[in-house]
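Residue strings, one per chain:
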Amino acid sequence: MRGPSSGADDDEPVAVDFDWDGAGVEDEDADEDADEDLDAGGRRRIPGWFGQTLLAAAAVLVLIVANLPHPHRTPQTIRPPVHPLVIDPSPVAGSSVEALLVSRHLERIYTVIEDRLAVSDLDGGDGGRFAISSTALGGPVDSARLRLVLNPADGVLWVVPLGSTGSHLIEGFDPRMLRRVARLPLPYPVDGAAVLDGRLYLTYGPELLRVSRDRKRLDLAARLAGSGGPLVADPVRHRLLYLDYYNPLSVRSWSPARGLGPAAPLPMTRGQVAVVAGTIWVGGFGTSGAVLARLDPRTLRAGRPVELAGTLAPGTLLAAAGGRSLFVRAGGAVRPLWCLDARTGAVTQHWDDEPGVVAADLGAADLGAAATAAPDGRIRPLALAGCAG
C-alpha cells in the first residue's frame, strides 16, 4: 500500500536522498569508547562496514520498489449518471400533469411532479419513469393550471402558476441543466402566459405585464380591453391573442406596434384559442354543440366548423398545438385523441385510448414531437405517423 502522496505524479521515480559522505566518515571518539568497552569486558560491537552495507542495501531496495511497474492511474472525468433520479409518482392530477412541455430542438420533455421541475430525454426513458435531472421549485404548487413556457430567444424555461392560490412566484431555469436563472414574485395571480418576440408576457385582468430584459422585475406593458384571459402568441404577425370573458365571449389582439385590436365575438360559451403554423384555431363549447373552426387572421371571426366538430359533442378541447398540427379531444371524453393538419383541418392521426395531458413541439420541424402525461404520472412520447407535430 502506498503512503500519502507527495503531490508528484505516481509514474515518476521516487528520489531517495542518502548522505553517503557522512556514512563513510569514521568517528575517532566513538572508536576510543569502543576500545574502553572491550577492555572492560563489555558487549561486542558490530563492525562499521557492516552497518554501512545494510544502509546502502536499504536505499537500493527503496529505489527498486518505487520503480516497480504498477497499474497506470488515469484521471477520470466525473460525469453524472444518465438517469440518477427515478420518477415513479403516485397518481397525479392538476399541476403535476398539466405542467408538460416538449422541445424537439432540445430533445427534452419537461414536467413538474411533486413540486419538482424534471427533464427527461425525448425518447421517454423507461416508460417515462426516468428523468435526467430535476430541481425543486421555490414553493409548493397547488394550482391546476401550472404552465411551462420556453423562451428560445434567451434560452429560459419559465414555470408560471396560473390562477394559483398557493404560489405567487414565477421562476426561470436554464432548460439544459435546470439551473435557476430568475425568480420573480407575483403581486397577484395571473391568468395567461406567452412569449412574443423574445419577451414573456403575463395577463392579470385588464393588465398586460412583461418581464424585463434583465429578468428582475415585471413591467406594465399595456392595459387591455375587457378581461385578459388565456394568452397565446401569434409570432408571424407579432401580436398576442387573448380571450375576453365579458359577454359575449370574444377574442382580442394586442401588439407592441399597433396596440389593441377590435374584438371578435366567438360562437361559444367557453373555449380556447391556438396558433399553429400561422393559422388561428378556436375550440370550445357552443350553444348547439362542439365548436372547432379556423379564425380569419385579419378579422378574427370564426369560419365554418370543420367536419370533426360533429363528433366531439358536447365540446372541443384543444389539447396541444404543434409545429403544423393541432391535437384535440372531445369535451365529454379524455381518452380519444385526434391530430389535425392545421392548414386543412383534415384528421391525420387518431388514438382511441390516449389519456392524459398532451404537449407538442412548438417548432416547425418536419416530424415534430409530442408526448402525454398519463393520469398515473407516466410521461412518454407519442408515436407520430401521419401527424406532423
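Parameters and conventions
Residues numbered from 1 in each chain as written. Predicted model: local features only at pLDDT ≥ 70, side-chain atom pairs only at ≥ 80, totals over all residues. Heavy atoms only, no water. Helix = DSSP H or I, 4+ residues; strand = E, 2+ residues; numbered from the N terminus. Buried < 20%, exposed > 50% of the residue type's maximum accessible area, 1.4 Å probe, protein only. Areas by Shrake-Rupley, 256 points an atom, 1.4 Å probe, with all protein chains shown as cover. Contact = heavy atoms within 4.5 Å. Pairing = 2+ DSSP bridges. Core = buried A, V, L, I, M, F, W, Y, C linked by side-chain atoms within 4.5 Å. Phe/Tyr/Trp six-rings, centres within 6.5 Å; stacked < 30°, edge-to-face > 60°. Lys NZ or Arg CZ within 6 Å of the ring centre and 35° of its normal. Axes fitted to C-alpha atoms, helices over the stretch in contact; angles between N-to-C directions. Salt bridge = Lys/Arg side-chain N within 4 Å of Asp/Glu carboxyl O. pLDDT = per-residue confidence, 0-100. Polar contact = N/O pair within 3.5 Å; in protein donor to acceptor, adjacent residues only side chain to side chain.

### A look at the overall build of the protein chain
- Within the protein chain, the regular secondary structure consists of four helices and 27 strands.
- Counting the 389 residues in the protein chain, one finds 42% classified as buried.
- Here the protein chain has roughly 21100 Å² of accessible surface; of this, 54% comes from carbon and sulfur atoms.

### Here's the deal with the environment of T269
- Structurally, the position occupied by T269 is in the loop between β17 (264-265) and β18 (270-276).
- For T269 and L249, which are 20 residues apart along the polypeptide, the C-alpha to C-alpha distance reads 6.4 Å.
- Every residue in contact with T269, bar those within four places of it in the chain, is listed here: L249, F285, G286 and T287.

### Section: the pairing of strand β12 (residues 199-211)
- The buried count for β12 comes to ten of 13 residues, which makes it a mostly enclosed element.
- Linkage of strand β11 (residues 192-196) to β12, two consecutive antiparallel strands, is achieved through a turn of two residues, within which D197 is found at a positive phi near 50°.
- As paired strands, β12 and strand β13 (residues 218-234) are joined by six bridges and run antiparallel to one another. Following the sheet pairing, R210 is matched in β13 by D219.
- Where β12 folds back on β13, the antiparallel hairpin that results is connected by six residues, among which R215 adopts a positive phi of roughly 60°.

### Some points on the nonpolar core
- Residues L292, L308, L312, L326, V328, W338 and L340 are the most contacted members of the largest nonpolar core, which totals 17 residues.
- Those elements that place two or more of their residues in this core are β18, β20 (289-295), β21 (316-321), β22 (325-330) and β23 (337-341).
- Counting residues per element, this core draws most heavily on β22, at three residues.
- Sequence-distant contacts of L312, defined by excluding residues within four places in its chain, comprise A290, L292, V328, R329, A330, G331 and W338.

### Considerations on the packing of aromatic side chains
- Applying the stated criterion to the full structure yields three aromatic pairs.
- Lying over the aromatic face of F285, R270 brings its terminal NZ or CZ to 4.0 Å of the ring centre.

### A word on the sheet that holds β23
- The sheet built from four strands is open, its strands ordered β21-β22-β23-β24 with antiparallel pairing. At either end of the open sheet lies a strand with only one pairing partner, and these are β21 and β24 (347-351). In this sheet, adjacent strand axes meet at a mean angle of 25° when their direction is disregarded.
- Inspection of the sheet shows β23 paired to β24 by four bridges, in the antiparallel sense. Bridging from a neighbouring strand, L340 pairs with V347 of β24.

### Regarding the pattern of salt bridges
- According to the stated counting rule, one finds twelve salt bridges in the structure shown.
- R217 is the partner of D219 in a salt bridge, and the nearest nitrogen-oxygen pair spans 3.0 Å.
- Judged by relative accessible area, which is 44%, R217 ranks as partly exposed.
- In this structure, D244 and R252 form a salt bridge, with 3.1 Å as the shortest nitrogen-oxygen distance.
- Exposure remark for R252: the relative accessible area of 17% places this residue in the buried category.
- A single salt-bridge network, built from bridges that share partners, covers E171, R180 and R183.

### Some words on the confidence of the model for the protein chain
- Mean pLDDT over the protein chain works out to 75, with 68% of the residues at or above the 70 mark.
- Under a pLDDT of 50 for its full length, residues 1-44 has, in the predicted model, 24 contacts with residues more than four places off or in other chains.
- Segment residues 65-97: pLDDT under 50, and 51 contacts once partners within four positions in sequence are set aside and those in other chains are kept.

### Things to note about the sheet that holds β20
- What the three strands build is an open sheet, ordered β18-β19-β20; its pairing is antiparallel. The sheet is open, and its two borders are formed by β18 and β20, each paired with just one other strand. Across the sheet, the mean angle separating the axes of adjacent strands is 15° when strand polarity is ignored.
- Two strands pair when backbone bridges link them, and β18 and strand β19 (residues 279-286) are joined in this way by seven bridges, in the antiparallel orientation. Among the inter-strand pairings, A274 is bridged to a residue of β19, identified as W281.

### Comments concerning the environment of D361
- The residue D361 is located in the loop between β25 (357-360) and β26 (370-373) in this model.
- Within the structure, D361 has its side chain in polar contact with the backbone nitrogen of R104 (distance 3.2 Å).

### With respect to the environment of A277
- Following the sequence through the fold, A277 ends up in the loop between β18 and β19.
- Residues A277 and L326, 49 residues apart in the sequence, show an inter-C-alpha distance of 9.8 Å.
- Not counting the four nearest positions on each side in its chain, A277 is found in contact with G323 and R324.

### With respect to the side chain of S255
- Following the sequence through the fold, S255 ends up in strand β15 (residues 250-255).
- Of the residues examined, S255 reaches a relative accessible area of 3% and is grouped as buried.
- Engagement of the side chain of S255 in a polar contact is seen with the backbone nitrogen of R258, the distance being 2.9 Å.
- Excluding residues within four positions of it along the chain, S255 makes contact with H238 and R239.

### Looking at unusual backbone geometry
- Looking along the chain, the bond that leaves A313 and enters P314 is cis, with omega of 5°.
- One non-glycine residue, L178, adopts positive backbone phi at about 60°.
- For L178, the position within the fold is in the loop between β9 (169-173) and β10 (180-185).
- Residue classification places L178 among the buried positions, given a relative accessible area of 4%.

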